[in-house]
Amino acid sequence: MTNMYCKGFTLIELLIGMSILALILGLGLPSVSVWMQNTQLRSAAESAQAGLQLARAEAVKRNTFIGFTMAGPDSGWSVDVMNPPQQLQSRSSVEGSGNAQIATTDATIIFDGLGKTSLAADATIQVTNPTGGLCKPAGDMNCLNVTVSVGGQVKMCDPTVVAAGDTRAC
C-alpha cells in the first residue's frame with residue numbers, strides 16, 4: 001500500500017512565510033539603520049575622548065607638553081609630543097566611523113606636565129552625523145559632545161540632557 005501523504009511545504013505556504021518575513025524585516029530595518037548611525041557617533045566620540053585622555057596621561061607621565069590635534073571635520077586625530085616633535089598615536093578618519101563628523105573651535109589642545117590645558121575657556125568637540133539625519137530632539141540621532149575643561153578634565157556628554165544632577169548632561 002502506498003502512502004498518499006507527502007511531507008514538506010507547498011509553494012503557497014512557502015510564499016506566505018516569505019511574505020511575513022519580508023514584512024517583519026521591512027518594519028525593523030529603519031530601527032537598525034538609526035542604531036547603526038548612533039553607534040558610529042558613539043564610536044567617534046569615544047575615540048576622541050580616548051585620544052584626549054591619552055594626551056593628558058602622557059603629558060603627566062613625561063612631564064612635558066603633549067598636543068591633541070584634530071585633523072579636520074572628520075573623526076581623525078593625533079597625539080604628539082610638542083618638543084621635540086614626535087607623534088605618539090593617531091587615528092585616521094576612515095577607521096570605524098566614516099559618517100561621523102567632528103566640529104571644534106580648538107584644533108589643537110595642549111596639555112602640560114600637570115595635566116592642565118593651555119585653553120582660556122572649556123573646549124567642546126561636537127560629534128554629529130549629517131548623513132544619518134538631525135540630532136535629537138528634532139531628529140533620531142543621539143549626537144554627543146566631548147568637553148575639555150581648563151583644568152584638563154575630559155568628559156563625554158549628551159547635549160540634549162538638561163536635567164540637573166544627571167551625569168550625562170553637558
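Conventions and cut-offs
- Residues numbered from 1 in each chain as written.
- Predicted model: local features only at pLDDT ≥ 70, side-chain atom pairs only at ≥ 80, totals over all residues.
- Heavy atoms only, no water.
- Helix = DSSP H or I, 4+ residues; strand = E, 2+ residues; numbered from the N terminus.
- Buried < 20%, exposed > 50% of the residue type's maximum accessible area, 1.4 Å probe, protein only.
- Contact = heavy atoms within 4.5 Å.
- Areas by Shrake-Rupley, 256 points an atom, 1.4 Å probe, with all protein chains shown as cover.
- Pairing = 2+ DSSP bridges.
- Axes fitted to C-alpha atoms, helices over the stretch in contact; angles between N-to-C directions.
- Salt bridge = Lys/Arg side-chain N within 4 Å of Asp/Glu carboxyl O.
- pLDDT = per-residue confidence, 0-100.
- Phe/Tyr/Trp six-rings, centres within 6.5 Å; stacked < 30°, edge-to-face > 60°.

1. Some details on the overall build of the protein chain
Item 1. When helices and strands are counted, the protein chain shows one helix and eight strands.
Item 2. In sequence order, the protein chain lays out its α and β elements as α-β-β-β-β-β-β-β-β.
Item 3. If one aligns the C-alpha atoms of the protein chain with their principal axes, the spans along those axes are about 95 × 35 × 25 Å.
Item 4. When each of the 170 residues of the protein chain is scored for burial, the buried share is 32%.
Item 5. Residue pairs at least 24 apart in sequence account for 52% of intrachain contacts in the protein chain once pairs closer than 6 positions are excluded.
Item 6. Of the roughly 10600 Å² of accessible surface on the protein chain, a fraction of 61% belongs to carbon and sulfur atoms.

2. What about the sheet that holds strand β3 (residues 86-91)?
Item 1. The strand order across the open sheet built from four strands is β3-β2-β1-β5, with neighbouring strands paired in antiparallel fashion. The sheet is open, and its two edges are formed by β3 and β5 (108-111), each paired on a single side. Averaged over all pairs of adjacent strands, the angle between strand axes in this sheet comes to 15°, irrespective of strand direction.
Item 2. The sheet contact formed by strand β2 (residues 77-81) and β3 spans five bridges and is antiparallel. In the sheet register, Trp77 faces β3, and the bridge partner there is Arg91.

3. Some words on the pattern of salt bridges
Item 1. Inspection of the entire model under this criterion finds three salt bridges.
Item 2. One salt bridge connects Arg42 with Glu46, and the closest N-O pair in it is separated by 4.0 Å. Of this pair, Arg42 and Glu46 both sit in helix α1 (residues 11-62), four residues apart, which is roughly one turn of that helix.
Item 3. Take Arg42: its relative accessible area is 39%, and that puts it in the partly exposed class.
Item 4. Residue classification places Glu46 among the partly exposed residues on the basis of a relative accessible area of 39%.
Item 5. Residues Lys61 and Glu58 are paired through a salt bridge, measuring 3.5 Å at the closest nitrogen-oxygen approach. Residue Lys61 and its partner Glu58 are located together in helix α1, separated by three residues, close to a single helical turn.
Item 6. On the basis of relative accessibility, which here comes to 63%, the residue Lys61 falls in the exposed class.
Item 7. Glu58 sits in the buried class, given a relative accessible area of 12%.

4. As for the confidence of the model for the protein chain
Item 1. Model confidence for the protein chain is summarised by a mean pLDDT of 82, while 90% of its residues fall at 70 or above.
Item 2. Confidence scores differ between elements of the protein chain, with strand β4 (residues 101-104) showing the lowest mean pLDDT of 76 and strand β8 (residues 154-157) the highest of 90.

5. So, the environment of Gln86
Item 1. Within the secondary structure, Gln86 sits in strand β3.
Item 2. Residues in contact with Gln86, not counting those within four places in the same chain, are Arg62, Val79, Asp80 and Val81.

6. Digging into the packing of aromatic side chains
Item 1. Inspection of the entire model under this criterion finds one aromatic pair.
Item 2. Consider the rings of Phe68 and Trp77, whose centres lie 5.6 Å apart with planes at 35°: the pair is tilted. As far as the burial class goes, Phe68 and Trp77 line up, both buried.

7. A word on the pairing of β2
Item 1. The element β2 is largely enclosed, with a buried count of five among its five residues.
Item 2. The alternating pattern of β2 places Trp77, Val79 and Val81 and Ser78 and Asp80 on opposite faces, both of which are buried.
Item 3. Looking at chain direction, strand β1 (residues 66-70) and β2 are connected through five bridges and run antiparallel. By the bridge assignment for β2, Met70 is matched with Trp77.
Item 4. In sequence, β2 turns back onto β3 through a hairpin of four residues.

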